[in-house]
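Structural features, examined
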Amino acid sequence: MSKTAPDTPDASVGDQDLGAAGSQLSTAPVESAPNLPSLGVIGWARWFWRQLTSMRVALLLLLLVALGAIPGSLIPQTGTDATKVADFVKKNPTLGDVYDKLGLFHVYSSVWFSAIYILLFISLIGCIVPRTWQFVGQLRSRPPGAPKRLTRLPAYTTWRTGAEPEQVREAALTLLKKRHFRAHLAGDNVAAEKGYLREVGNLAFHIALIVMLTAFAWGQLFKSEGNKLVVEGDGFSNTLTQYDDFKSGNLFDTGDLVPLSFRLNKFTGTYETSGPNKGTPRLYQAALTYSEGAYGKDRKTLVKVNEPLEIGDAKVYLTAHGYAPLITVRDGKGKVVFHDAVALLPLDSNVTSTGVIKVLDGYRNAKGVSEQLGISAFFLPTYTTGSETASTFPALNNPVLNLTPYHGDLGVDSGIPQSVYQLDKSHVKDFKDAKGQELRKNLRPGQTMQLPNGAGSVTYEGTKQWANFQVVQQPASGWALGGALTAIFGLAASLFIQRRRVWVRAVRGDDGVTVVEMAGLGRSESAKVPEELGELAGVLYDQSPGTTADPGARGTARPAPTDSQPTNEQSEGSAK
Amino acid sequence: MTLATATNEHLANISNTLIYSSMAVYTLAFFAYIAEWLFGSRSKVGRTAAALTADTKAKGKAPAVTVNQGGSTAVLERPQVVVRSAAGARDVPDGPGAHGGDAQGDLYGRIAISLTVLAFLVELGGVIARAASVERAPWGNMYEFNITFSTVAVAVYLGLLALKKNVRWLGLFLVTTVLLDLGLAVTVLYTASDQLVPALHSYWLYIHVSTAIFCGAVFYVGAVATILYLFKDSYENKIATGGTPGRFANSVLDRLPASASLDKFAYRVNAAVFPLWTFTIIAGAIWAGDAWGRYWGWDPKETWSFITWVAYACYLHARATAGWKGRKAAYLAMLAFGCWLFNYYGVNIFVSGKHSYAGV
Ligand code: HEM
């Protein structure tokens, strides 16, 4: 800081003017012009590192992450909908090929997207570490003493008082400390600083970003997700073989499955019965008895749509439900060959359902020959005359089960995997009714359909419900949530708290009267800094009132700083 | 529309009537704002030019000093705080506002604000009636979203006015776009009260969507300020480099706050709501975690919320680090708001549901 600095508006509050006083009001890195290294490998590495952790490159990487995320939202992704991708490729073979090569069907796990965010990640760490050290240094040292010319600061005030300089400084120190400034006496002035929480918040935010990103990546790698359809009264235990389908992350190991088991006691669904939302689900809930670990105690719980059961890292979600008519099949001799609840798949929001009852062994026809039975089922939980092909309400108001039996070979042993909900009709024959038509019949609960010529009977005993459970394990989601919350609070602190400095200088003027000068400096121009300074000045002024011959209250008409001032900047520099 | 009862039908009709009425009142407010601008322009102001030309002449003389009159004037004998603006900043005073200091213009301005308040209340009634008619929160489709969004945007404006912030200049621009938004809503987007897609009920959904709408409204106010900043900044630049802006620019832009004030206002608004936007996304993730078993799945809505978030983070970074202040940062802010708009309209229209590649 030189006294010959031109007093022009252009050079009013530059750091070069304020010296140590204006420095380190944040931990933002200093941008240096990129100069090319000439020092071989290490030089290049250092240069690269400096570039990577510079704010400009950080900004660029942030922009690139945003840009890179766009294609994934416009092009179908294998992760969310593989059939749509296949469709797309079929329709646009050449484009599909190009997209595939560029990884555009799985953008968020593609090499280039990973590269961008890993670079950002490194840049972030490379930024946080030095900033944290710098901040610790700032906390251990004390706020720098006042610059020589306080008039150069963004907010300034002065007055002359009859009080002794020491008295004023003492009063200022007490006042500032009471206002939670970090304040100390620095020669002829009191130096104070406040708002360190801003930096704490900012660092916490950036660290929280790292925690979130790590937790997310960890969760993806070790995640598992399986589905299981359970009929009322049935149970499930958490092993791979019990699932209907199962997906997992790259590093998942079957040993990671949380040991748990549960039984579905009852499923309850209630629906809006009138109004514009008629039929809209109001409540889905599954009453479970579950146990943790291999030998856990049985406990009861309710699982609802947005309220999964949580056991360790595993969450058990209720994702779908439907009906499972309880069916008894007897053969020609009246022997029960099948007695089970058969889950049917819903087709619409009123739970019109279809499925197949498969009697694979034990059944003998009228002639005593072993055969298989396949019975197509079509189910309406609420049957209304006039609307025979679809249910009119999702609840079990007037259930009707329509059955079409077939006999023969269901082809389940042919080696081709077969859906339990579909019937392979290539080796079966239908039954004929008295008129020679294909036999099909509507049953209400308790009713029985006789198969022709003493081939047996099928009874619809009643209706159970089933629920589909998705068991998800995504480790580290607690960390992700913790990181997210920290990020919000850190961000709020970083954006709403002002970090600012206040100096109070009190010296005896040439005429023997004490001159008080106060100045404030914020990190950014803000109306709060002068406001606060005015308030502090007001309090201090009341304690050390102005003399009658007060030329103060005029920013420009103040006495020039006297030469008798100690060189406070140097003395402050050694205060660390 | 299925099976709506008579009451629901009736409420829906009331809602429609209220929305149309609010449009009528907004139109009146629009004309009152126009009158404010027209009468205001009678008094020639030319403050910006005066300040800027004086500034160049005064260069090298006394430091540019403005005395802060706020607060400390109450106790006269107390020392006054002298405020200096930062290096390189132009010292342009804020324009007087649309009325241009003209008493009649000011009167029209006040009438316009009163009408805006009235229109807001009527519109709010319309939104509430709509919610009552469908028996759920009024954001089940784009029509409902549009009417709720403009209501909240006006509420933000009136709230800022009530807090005695210098935002009267926003009035005309805001009401114009609110009229466009409502016009679009009642013509193109209108949907009869219908069922919510069997949504999974969760209070997280309500938290998530309501904060999202609020954030959008605030971002919108920030975006309007940013656009005006860009115009005003060019205007000031032109004068500072000796150019003569057109008469229209002279008349309109001169009455707006100084570009530095607009810029600062836009920044404050965006920065203030950014943590809430962060929270909105996290609330959405928590809800998705509860409802779908994964908190983040890169679905288009999620992705665009993320893109918007990153774009605003870029803008804040650009502001916090030297070199990208001013116009460049303003472009980033516009880009970020563009992402927000696309998330709400574009994603619904072009990327929705099963045809995520249709229309692109
Ligand atoms: C994951 C991406 C990042 C996001 C979302 C992010 C977001 C933010 C936000 C919102 C702020 C507050 C801005 C303000 O004070 O107005 C901020 C400040 C800051 N960020 Fe980041 N940031 C990210 C990455 C980085 C990286 C990679 C660096 C370092 C190279 C960095 C360095 C800084 C610094 C130094 C500040 C504070 C400057 C100051 O104290 O004024 N950030 N960041």
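Description of the structure in this document. Worth saying up front: this structure is predicted, and the values here are computed from it rather than measured.

Some remarks on the overall build of chain B
Helix and strand content of chain B: ten helices and two strands. In chain B, the succession of α and β elements from N to C terminus is α-α-β-β-α-α-α-α-α-α-α-α. The proportion of buried residues among the 360 residues of chain B is 53%. In chain B, the share of contacts with a sequence separation of at least 24, taken over all contacts with a separation of at least 6, comes to 81%. Counting every atom, chain B has about 15,400 Å² of accessible surface; 68% of that belongs to carbon and sulfur.

Points about the coordination of the iron atom of the ligand
The coordination sphere of the iron atom of the ligand contains the protein donors His206(A) (NE2) and His317(B) (NE2), at a distance range of 1.9 Å. Around the iron atom of the ligand sit six donor atoms, and with donor-metal-donor angles ranging over 75 to 178° the site reads as octahedral. Here His317(B) lies in helix α9 (residues 300-320) and His206(A) lies in helix α8 (residues 196-221), a pairing that spans two chains. Owing to a relative accessible area of 22%, His317(B) belongs among the partly exposed residues under this scheme.

Focus: the sheet that holds strand β8 (residues 281-292) of chain A
All names here are of chain A. The antiparallel open sheet is built from four strands, whose spatial order is β5-β7-β8-β9. Of all the strands in the sheet, just β5 (235-237) and β9 (299-304) have a single pairing partner and so form its edges. Neighbour-to-neighbour, the strand axes of the sheet open up by a mean angle of 30°, direction not taken into account. Relative to β9, β8 runs antiparallel, the two sharing six bridges. Looking at β9, one finds that Ala 286 is bridged to Val 303.

A short note on the site of the ligand
Lining the immediate surroundings of the ligand are 29 residues, of which Cys127(A), His206(A), Arg523(A), Tyr267(B) and His317(B) lie closest. The environment of the ligand is shared, with nearby residues belonging to chains A and B. One of the side-chain nitrogen or oxygen atoms of Tyr267(B) is found 3.0 Å away from an oxygen atom of the ligand. Residue His317(B) places a side-chain N or O atom 2.4 Å away from a nitrogen atom belonging to the ligand. Those elements that place two or more of their residues in the shell around the ligand are α3 (55-74), α6 (111-140), α8 and α9 (477-496) of chain A together with α8 (259-292) and α9 of chain B. If you tally residues by element for the shell around the ligand, the top one is α8(A), at six residues. In terms of residue class, the shell around the ligand is made up of 18 nonpolar, seven polar and four charged.

Structural notes on a nonpolar patch on the surface
All names here are of chain A. A grouping of Phe 48, Trp 49, Ile 118, Leu 119 and Ile 122 is seen on the molecular surface, where their side chains present a nonpolar patch of about 440 Å² in accessible area. Of all the elements in the fold, those that place two or more residues in the nonpolar patch are α2 (40-52) and α6. Here the nonpolar patch takes three residues from α6, the largest share from any one element.

Brief notes about the nonpolar core
Ranked by size, the top nonpolar core spans 132 residues in total, and within it Tyr26(B), Tyr157(B), Phe265(B) and Trp309(B) carry the most contacts. The element contributing the most residues to this core is helix α6 (residues 203-240) of chain B, with 19 residues.

Points about the pattern of salt bridges
Residue and element names in this part refer to chain A. Tallying each qualifying case throughout the model produces 22 salt bridges over all chains. With a closest N to O distance of 3.4 Å, Lys 101 and Asp 97 form a salt bridge. You can see Lys 101 and its partner Asp 97 sitting in helix α5 (residues 93-101), four residues apart, about one turn around the helix. By relative accessible area, Asp 97 is classed as partly exposed at 42%. Counted as one network, the salt bridges with shared partners bring together Arg 131, Glu 193, Glu 199, Arg 499 and Arg 501.

A short note on the environment of Phe222(A)
Residues and elements named next belong to chain A. One can find Phe 222 in the loop between α8 and β4 (224-231). Placed 27 residues apart in sequence, Phe 222 and Gly 249 show a C-alpha to C-alpha distance of 5.1 Å. If sequence neighbours within four positions are ignored, Phe 222 has contacts with Leu 251, Phe 252, Asp 256, Gln 473 and Pro 475.

Overview of the packing of α6(B) against helix α10 (residues 327-350) of chain B
Residues and elements named next belong to chain B. Across the interface, α6 lies against α10 with an axial gap of 9 Å and an inter-helix angle of 145°. Taken as a pair, α6 and α10 cross one another with a handedness that is left-handed. Along its contact with α6, which presents Ala 212, Gly 216, Phe 219, Tyr 220, Ala 223, Thr 226, Ile 227, Tyr 229, Leu 230, Asp 233 and Ser 234, the element α10 presents Arg 327, Ala 330, Tyr 331, Ala 333, Met 334, Phe 337, Trp 340 and Tyr 344. Residues belonging to the contact of α6 with α10 are distributed by class as follows: 14 nonpolar, three polar and two charged.

Thoughts on unusual backbone geometry
All names here are of chain A. Despite not being glycine, Val 351 has its phi angle at roughly 55°, a positive value. For Val 351, the position within the fold is in the loop between β13 (345-346) and β14 (353-359). Residues other than glycine seldom take positive phi values, yet Asn 453 does so here, at roughly 55°. Assessed through its relative accessible area of 73%, Asn 453 is described here as exposed.

Quick notes on the rules
Residues numbered from 1 in each chain as written. Chains lettered and ligands numbered in written order. Predicted model: local features only at pLDDT ≥ 70, side-chain atom pairs only at ≥ 80, totals over all residues. Heavy atoms only, no water. Helix = DSSP H or I, 4+ residues; strand = E, 2+ residues; numbered from the N terminus. Buried < 20%, exposed > 50% of the residue type's maximum accessible area, 1.4 Å probe, protein only. Contact = heavy atoms within 4.5 Å. Areas by Shrake-Rupley, 256 points an atom, 1.4 Å probe, with all protein chains shown as cover. Donors = N, O, S within 2.8 Å, 3.2 Å for Na, K, Ca; no water. Tetrahedral: all angles 85-135°; square planar, octahedral: opposite > 155°, others 65-115°. Pairing = 2+ DSSP bridges. Axes fitted to C-alpha atoms, helices over the stretch in contact; angles between N-to-C directions. Near = heavy atom within 4 Å. Polar contact = N/O pair within 3.5 Å; in protein donor to acceptor, adjacent residues only side chain to side chain. Nonpolar A, V, L, I, M, F, W, Y, C, P; charged D, E, K, R; others polar. Patch = residues over 30% accessible without salt bridge, like charges linked within 9 Å, V, L, I, M, F, W, Y side chains within 5 Å. Salt bridge = Lys/Arg side-chain N within 4 Å of Asp/Glu carboxyl O. Core = buried A, V, L, I, M, F, W, Y, C linked by side-chain atoms within 4.5 Å. Left-handed = near helix turned anticlockwise from the far one by under 90°.

Honestly, that's just the spatial picture; any functional story needs more than this.
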